[in-house]
Amino acid sequence: MGEAFCIDSLGIAPGALDDPGFELLAALGFARTEIDAANSWCCGAMTLEGAPYLKPEHLAVFDCANPCGRTGRRALSVDSHIQMMAAVQPFISGAISKTINMPNAATVEDCKDAYMLSWRLGLKATALYRDGSKLSQPLASNLLADEDEAEELFAASPAARAPLVAERIVERVVERVVERVVRQNERRRLPNRRKGYTQKAVVGGHKVYLRTGEYEDGGLGEVFIDMHKEGAAFRSLMNNFAIAISIGLQYGVPLEEFVEAFTFTRFEPSGIVEGNDAIKMATSILDYLFRELAISYLDRGDLAHVQPGDLMPDTVGEGEAESNLVRAASNGFVRHKLTVLDGGAGRLVDTDGPLALSLMPEGDLRKGYEGDSCDECGNFTLIRNGTCLKCETCGATSGCS
């Protein structure tokens, strides 16, 4: 009875107290600054700044990594974090797991100075965190504007205030966002009639057929893998693997991710690759398949063993052999008068007698080329074939069948 009389005497409806958003002091007409002062008096300011009988020169003893409370402004400096870590580092074998807090106003130069100071003091690791740099950072009340804007917001009723406060908070958070890429998880399906190509090859003696399907813009959208002479289990596994890759491509997984994941995988069948102009060796079926896709759709020439243009009869090279010749002559390795007969292969002939030196580019040396020219096509791609020589370009031999 006494409580109801008290509420009635204040002019507050009896059911108002049941509303979780009801504020008694605001309903009585107190200003927001007065309410904040009352809250600080009853609940504490959560900071020692402004405390009576405490001198300003004593506040540094109580500083924390971040400003405390709504009214706190003081915090440990970045240099103080680093200097304390430097004092401890000589007694620790590894790095110190410690985050250095930086204010929101910190610049790139501030971060650079912090790393430089850490390096000069001999720290093994430094982790910086700039306040507000994470989208997932918990929202705080100080995201609202100054006291004047807060006064305007809290003057409204609780029901009308909630959307206004939410709008202000969202505005503050959006201002901190630099860039955010949102990927739509929608499947991009291929047209019913699509282009692509079929590549037949032999990897370690096993035939492999790779078929691709492309979008209208030429992008890869699906792959089919057929190894018809393998067992049913292995063939089914490869088919379902191709389906999984195709679904991933259609949902937006970059082909580069698949290439990085599956190239250089090693298992049988593996070995020499026949039927592909650019790939001559593979450590596995998957290594071959994704090398082929990377070369065809990503222009990844670094995953190819041979460029198609290098196999043409009129290929002249890029002058690498001439530069090797100049270096060899300048270093004193070539003592005779030499003549360059072929710039692409870098074959050197002693004018006083028989072949004196064959200086091949490093890549050709790995392929085992002997340095002689083929009698059929003229290319310097002869490799040892038993007691004879065989040309890798045209297939001709020097006498053996």
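Scroll up to find the structure this text is about.
Fair warning: this is a prediction, and the values are worked out from it, not measured in the lab.

Asker: Could you clarify how one ought to interpret helix H8 (residues 232-250) in this entry?
Answerer: One full turn of an α-helix is made of 3.6 residues, so residues set three or four places apart face in the same direction. Here H8 contains 19 residues, and its C-alpha end-to-end distance of 27 Å stays within 8% of the 27 Å for a straight helix at 1.5 Å per residue. All buried positions along H8 are accounted for by Met238, Phe241, Ala242, Ile245, Ser246, Gly248, Leu249 and Gln250. Buried residues along H8 sit against strand E5 (220-226), helix H9 (255-262) and helix H10 (285-297). One or two steps after H8, the chain reaches Gly252, where phi turns positive at roughly 100 degrees.

Asker: Please clarify how a nonpolar patch on the surface should be interpreted in this entry.
Answerer: Together, Leu10, Leu24, Leu25, Leu28 and Phe30 make up an exposed nonpolar region whose accessible area comes to about 390 Å². As for its position among the elements, Leu24 is in helix H2 (residues 24-27). By relative accessible area, Leu24 is classed as partly exposed at 37%.

Asker: Where do I start with the pairing of strand E4 (residues 206-214) in this structure?
Answerer: The side chains of a regular strand alternate between both faces of the sheet. Of the strand pairs in this sheet, strand E3 (residues 198-203) and E4 are connected by six bridges, and their pairing is antiparallel. Looking across to E4, one finds that Gln199 is bridged to Leu210. From the end of E3 to the start of E4, which pair antiparallel, there are two residues, and Gly204 there has a positive phi angle of about 60 degrees. Bridge count between E4 and E5: six bridges; the pairing is antiparallel. Its bridge partner lying in E5, Leu210 is registered against Ile225.

Asker: Would you take a moment to explain the packing of H8 against H10 for this structure?
Answerer: Packed helices, taken two at a time, are described by the angle between their axes plus the distance between the axes. It is at 13 Å that the axes of H8 and H10 come closest, and there the two elements cross at 35 degrees. Crossing of H8 against H10: the hand is right-handed. The segment H8 lies against H10, with Met238, Phe241 and Ile245 engaging Ile285, Leu286, Leu289 and Phe290. When the residues that make up the contact of H8 with H10 are grouped by side-chain class, the tally is seven nonpolar, no polar and no charged.

Asker: Sorry if this is basic, but what is going on with the packing of aromatic side chains here?
Answerer: Two aromatic rings are characterised by how far apart their centres lie and by the angle between their planes. This model, assessed by the stated rule, comprises five aromatic pairs. A centroid spacing of 6.3 Å and a plane angle of 85 degrees characterise the contact between Phe241 and Phe290, whose relative ring orientation is edge-to-face. Taken together, the positions of Phe241 in helix H8 and Phe290 in helix H10 put the pair 49 residues apart, joining distant regions of the chain. Exposure class is identical for Phe241 and Phe290. Each is buried. Each ring, one from Phe258 and one from Phe262, has its centre 6.5 Å from the other, and the planes form 15 degrees; the classification is stacked.

Asker: Got a minute to help me understand unusual backbone geometry in this structure?
Answerer: Trans peptide bonds make up the majority, and among non-glycine residues the majority have a negative phi. A cis amide bond, omega -5 degrees, links Glu268 with the succeeding residue Pro269. Within the secondary structure layout, Pro269 lies in the loop between H9 and strand E6 (271-274). Positive phi, normally seen in glycine, also occurs at Phe264, with a value near 70 degrees. Looking at the secondary structure, you find Phe264 in the loop between H9 and E6. Overall, the relative accessible area of 53% leaves Phe264 in the exposed class. Even without being glycine, Asp299 reaches a positive phi, approximately 55 degrees.

Reading guide: rules and limits
Residues numbered from 1 in each chain as written. Predicted model: local features only at pLDDT ≥ 70, side-chain atom pairs only at ≥ 80, totals over all residues. Heavy atoms only, no water. Helix = DSSP H or I, 4+ residues; strand = E, 2+ residues; numbered from the N terminus. Expected span 1.5 Å × (residues − 1). Buried < 20%, exposed > 50% of the residue type's maximum accessible area, 1.4 Å probe, protein only. Contact = heavy atoms within 4.5 Å. Patch = residues over 30% accessible without salt bridge, like charges linked within 9 Å, V, L, I, M, F, W, Y side chains within 5 Å. Areas by Shrake-Rupley, 256 points an atom, 1.4 Å probe, with all protein chains shown as cover. Salt bridge = Lys/Arg side-chain N within 4 Å of Asp/Glu carboxyl O. Pairing = 2+ DSSP bridges. Axes fitted to C-alpha atoms, helices over the stretch in contact; angles between N-to-C directions. Left-handed = near helix turned anticlockwise from the far one by under 90°. Nonpolar A, V, L, I, M, F, W, Y, C, P; charged D, E, K, R; others polar. Phe/Tyr/Trp six-rings, centres within 6.5 Å; stacked < 30°, edge-to-face > 60°.

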